[in-house]
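Fold and geometry: a report
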Amino acid sequence: MLDVNGIRKIHKERFGHEPAVFIAPGRVNLIGEHTDYADGFVMPAAIDFATVAAISPSNDANGTILSRNFGQTIERKMQDIGTQGSHHWSDYPFGVVSILQQEGINVPGFHLTLEGNVPLGAGLSSSASIEVATMLAMLHLARTTLPLPKIALLCQRAENDYVGAPCGIMDQFVSCCGAADSALLLDCRSLDFRLAPIPKHLSLVICNTMVKHSHAGGEYGIRRAEVEEGTAILHSHRPEIRFLRDATMEDLDRWGHEMPANVLKRCRHIVTENVRTVAAADALEAGDLKTLGRLMAEAHASYRDDFEASCPEADIMVQLALPLEGCIGARLTGGGFGGCTVNLVESIYAEQFASRIAEGYEKETSIRPEIYMSRASAGAHKVEHSGTN
Ligand code: ADP
Ligand code: MG
């Protein structure tokens, strides 16, 4: 649990002013992987792990950011923030400031203290949580407000353009608009969403393979390029296909032979994943947990075999989970190539599940995993003075 009052105190001691405090959660994606940038569907939930941003004005023309996680303070002149980062953790918060400047929002000089307990680079979107928490803090200082979906879009732009990581809209959106005890089915084209309650007797058990993924380039970018290549081929035959959201399995059956084998497989994952994601939201709403679990298993197999974005450790983690008592569904979550699995587990079995999976995983891989228990949690908000979260 983050000690919000402790962060407040540290900020005041360091910078001399009582801060305003904001919190934004990380997320776990239940289903819908690499569908967001294809204008498709995703169904994440915000989690109990988050980043806190404490802010006060600096009364000069500098922006100063302290990351408690990195134990480092970085100071920049507001006019020198520019439009591109420098491959440093401070790119994420300065990227947010840069995008606001580009939007014509006048952010004054500031002192910002950041602390998060979302594990960094584990696929639970510490990046979106630091961006969204920072943006709420900056908007507060600039005495302005924006609608939450707009905040999500601007944070995505900060990550795409300033940090240089080609992420979709899912992470920032659910960090903004997530709700307690609910999964969020998002249509990434219209940004319409609906909340599907997660039954009270279920827990999210998140298992960290401890295998690091990296989004700023690498495999994630290669997958996006493959998807674009396949989309262009379909578009040349059916111009209304602008994204894979618009394509069906019939389209792939008809024109897939024009694609390299790897490109066809990537497209097949996304086309089938969109169908599975909408069906999963329907199943969750209907309380049909058996169907939900089956869809999560199919999603993992598609991610592993067609999208080739899993890794041996994540496959082992999922294999270990499925036969355990109380397990409703299990799959690799997030951008892929490592990170965490998400497991929907009956709460009465959650502790037992966690210890058995940790034991089994360490035995098979010699890696000690981290296991996080969470409920689906609220989206980003201001934390009033007496609150501890
Ligand atoms: P993920 O979003 O899955 O955690 P990313 O690679 O997208 O992984 O983002 C992780 C990066 O975000 C970190 O390496 C760091 O640069 C930045 N970050 C996240 N939280 C913090 C924090 N509390 N303080 C400083 N930087 C942070
Ligand atoms: Mg990220």
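Before reading on, note that the structure itself is shown above.
Structure report, in brief. In this text the structure is predicted, and so the values were computed from the model without any measurement. (Residues numbered from 1 in each chain as written. Chains lettered and ligands numbered in written order. Predicted model: local features only at pLDDT ≥ 70, side-chain atom pairs only at ≥ 80, totals over all residues. Heavy atoms only, no water.)

So, about the sheet that holds strand β11 (residues 370-374). Pairing in this open sheet of four strands is antiparallel, and the strands run β9-β10-β8-β11 from one edge to the other. Two strands lie at the open edges of the sheet, namely β9 (327-332) and β11, each paired on one side alone. Between one strand and the next, the sheet's axes are offset by a mean angle of 20°, whatever the strand orientation. As paired strands, strand β8 (residues 202-208) and strand β10 (residues 340-346) are joined by seven bridges and run antiparallel to one another. When the sheet's bridge partners are listed, S203 is paired in β10 with V345. Sitting on the sheet, helix α11 (residues 350-365) is in contact with β8, β9, β10 and β11, with an inclination near 165° to β11. (Pairing = 2+ DSSP bridges. Helix = DSSP H or I, 4+ residues; strand = E, 2+ residues; numbered from the N terminus. Axes fitted to C-alpha atoms, helices over the stretch in contact; angles between N-to-C directions. Contact = heavy atoms within 4.5 Å.)

This brings us to the site of ligand 1. By nearness alone, 18 residues border ligand 1, and S67, N69, G121, S126 and S127 come closest of all. Backbone polar atom of G123 to an oxygen atom of ligand 1: 3.0 Å apart, as the coordinates give it. The separation between an oxygen atom of ligand 1 and a polar side-chain atom of S126 is 2.6 Å. The element best represented in the shell around ligand 1 is helix α3 (residues 126-141), accounting for three residues. (Near = heavy atom within 4 Å. Polar contact = N/O pair within 3.5 Å; in protein donor to acceptor, adjacent residues only side chain to side chain.)

Moving on to the packing of aromatic side chains. Counted by the stated rule, this structure contains five aromatic pairs. Ring centres of Y37 and Y220 lie 6.1 Å apart, and the angle between their planes is 70°; on these two criteria the pair is classed as edge-to-face. Here Y37 is found in the loop between β1 (20-31) and β2 (41-57), whereas its partner Y220 is found in helix α6 (residues 218-237), with 183 residues between them in sequence. The exposure class of Y37 is buried, given its relative accessible area of 10%. What makes Y220 buried here is its relative accessible area of 6%. With 5.5 Å between their ring centres and 65° between their planes, F49 and Y372 make a pair best called edge-to-face. Remark: Y372 occurs in strand β11 and F49 occurs in strand β2; sequence separation between them is 323 residues. Judged by its relative accessible area of 9%, Y372 falls in the buried class. The ring of Y37 is capped by R224, whose NZ or CZ atom sits 4.1 Å from the centre of that ring. (Phe/Tyr/Trp six-rings, centres within 6.5 Å; stacked < 30°, edge-to-face > 60°. Buried < 20%, exposed > 50% of the residue type's maximum accessible area, 1.4 Å probe, protein only. Lys NZ or Arg CZ within 6 Å of the ring centre and 35° of its normal.)

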